[in-house]
Amino acid sequence: MKILITGGAGFIGSNFIFYMREQRPDDELLCLDKLTYAGNLATLESVMDKPGFRFIHADIADREAVYHIFEQEKPEIAVNFAAESHVDRSIENPSVFLQTNVMGTQVLLDACRKYGIKRYHQVSTDEVYGDLPLDRPDLFFTEATPLHTSSPYSASKASADLLCSAYHRTYGLPITISRCSNNYGPYQFPEKLIPLMIANALADKPLPVYGAGMNVRDWLYVEDHCAAIDLILQNGKCGEVYNIGGHNEMRNIDIVKTILAILGKTERLITYVADRKGHDMRYAIDPAFIHKELGWLPATKFEDGIRRTVQWYLDNRSWWENIVNGEYQTYYERMYANR
Ligand code: NAD
Ligand code: TYD
């Protein structure tokens, strides 16, 4: 199979490329990425010159470029990871989120219609469901939960999901959608909670916890997400939405304390800062459907995954130090200096 993977120079997309090369070495993988601040060719170094892999520098919202790629390459499957993905940045400047996440998705869907595709898979997020209250631990997001977004990021992702469903119903495009909970693992950009806390703790810098740190996220090791997407590509039903999550709900403060404990650093580094605007309280996925339909279950326990992740950041300091010592410093100042 020839698979177009958009956003493959980012966190989950790159892990998906590594996963597929391991699991399905006969597939031909084409990575299309704009290389925004979050895209990093260093991540793809180990596959860059290998047979069966090719990198194409392009913007998913550039219709001419995307049509040209589809015309030339004729991918059989497209998996769209490309997105602006950070909630805090979307609060600061929503425009690029609409441009990439909504308009970019539309361009990809149009290209699939025009040139044909066996399957288009949209990588979405549990954030499209909004949040759940902390005092109702019995509630979970199912595929039937209404979309109810909080941030410009989640609104843009929900819009893209609706477009995908509309292209399925109206034009019969063979699409699937997955909505996953928070991922963690190697190659995550250090603006996100877990790598940010690891990097700051290693530098003995304050760990900025928003609000009281009571917000709950449902954490999944990135490889388990990749395995779920692979299963959906193999056996998923067109037009279907699949929720992906591992029943691993944790409060932010407990995540931060776990990281400090693994690194042997003091909890005095924890600093409570002003809360995120519109901060979602709790995300929790009910993964019963994907388990029943496709037999998917997460393989990595959080205790193992978080240790592996911390160890990866210890072993790959140059990967993230190059980031945090660059343009990221301006971002960090802007976001955290007077918080
Ligand atoms: P990321 O920010 O690490 O990577 C995004 C990648 O997309 C980067 O390589 C970037 O260069 C590329 N990109 C951005 N705009 C582009 C454009 N216009 N054209 C082409 N490439 C572009 O994001 P991630 O955490 O790997 O997330 C990947 C996908 O998974 C996103 O769609 C996100 O919404 C979704 N998701 C993420 C999580 C999570 O916890 N990180 C959870 C559920 C769903
Ligand atoms: P994040 O990794 O940005 O993912 P998302 O917002 O998509 O869930 O944040 C995870 C949680 O951690 C979220 O509740 C916000 C919180 N957080 C902090 O407390 N401090 C930080 O510096 C960051 C980046 C996040």
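Above this text you will find the structure in question.
The paragraphs below set out a description of the structure included in this document. (Residues numbered from 1 in each chain as written. Chains lettered and ligands numbered in written order. Predicted model: local features only at pLDDT ≥ 70, side-chain atom pairs only at ≥ 80, totals over all residues. Heavy atoms only, no water.)

**Here's the deal with the site of ligand 2**
Around ligand 2, a shell composed of 19 residues is seen, among which E127, R217, R276, H279 and Y336 lie nearest. Contact distances for ligand 2 include 2.5 Å between an oxygen atom and a side-chain N or O atom of E127. Its free accessible area being 510 Å², ligand 2 has 97% of it covered by the protein chains. Only α6 (193-202) and β8 (207-210) provide two or more residues apiece to the shell around ligand 2. Looking at the shell around ligand 2 residue by residue, the class counts come to nine nonpolar, five polar and five charged. (Near = heavy atom within 4 Å. Polar contact = N/O pair within 3.5 Å; in protein donor to acceptor, adjacent residues only side chain to side chain. Areas by Shrake-Rupley, 256 points an atom, 1.4 Å probe, with all protein chains shown as cover. Helix = DSSP H or I, 4+ residues; strand = E, 2+ residues; numbered from the N terminus. Nonpolar A, V, L, I, M, F, W, Y, C, P; charged D, E, K, R; others polar.)

**Brief notes about the pairing of strand β5 (residues 119-125)**
Across the seven residues that make up β5, a large majority, seven, are buried. Neither face of β5 is exposed, since R119, H121, V123 and T125 on one face and Y120, Q122 and S124 on the opposite face are all buried. In this sheet, β5 lies alongside strand β4 (residues 77-80) in parallel orientation, the contact comprising four bridges. In the strand pairing of β5, N80 is matched with Q122. Sheet topology note: the β5/strand β6 (residues 175-180) ladder contains six bridges and is parallel. Counted as the bridge partner of S124 is R179 from β6. You can see the chain leave β5, run along helix α5 (residues 152-171) and come back into β6, and the turn it takes is right-handed. (Buried < 20%, exposed > 50% of the residue type's maximum accessible area, 1.4 Å probe, protein only. Pairing = 2+ DSSP bridges. Right-handed = clockwise from strand over helix to strand, strands pointing away.)

**Quick look at the packing of aromatic side chains**
How two aromatic rings sit relative to each other is given by the distance of their centres and the angle of their planes. Enumeration over the complete set of coordinates arrives at 20 aromatic pairs. Consider the rings of W312 and Y313, whose centres lie 4.9 Å apart with planes at 80°: the pair is edge-to-face. Residues Y328 and Y331 carry aromatic rings whose centres are separated by 5.8 Å and whose planes lie at 40° to one another, so their mutual orientation is tilted. Of this pair, Y328 and Y331 both sit in helix α12 (residues 328-336), three residues apart, which is roughly one turn of that helix. Its relative accessible area of 3% is what places Y331 among the buried residues. When the ring centre of Y171 is taken as origin, the NZ or CZ atom of R113, which lies over that ring, is 3.5 Å away. (Phe/Tyr/Trp six-rings, centres within 6.5 Å; stacked < 30°, edge-to-face > 60°. Lys NZ or Arg CZ within 6 Å of the ring centre and 35° of its normal.)

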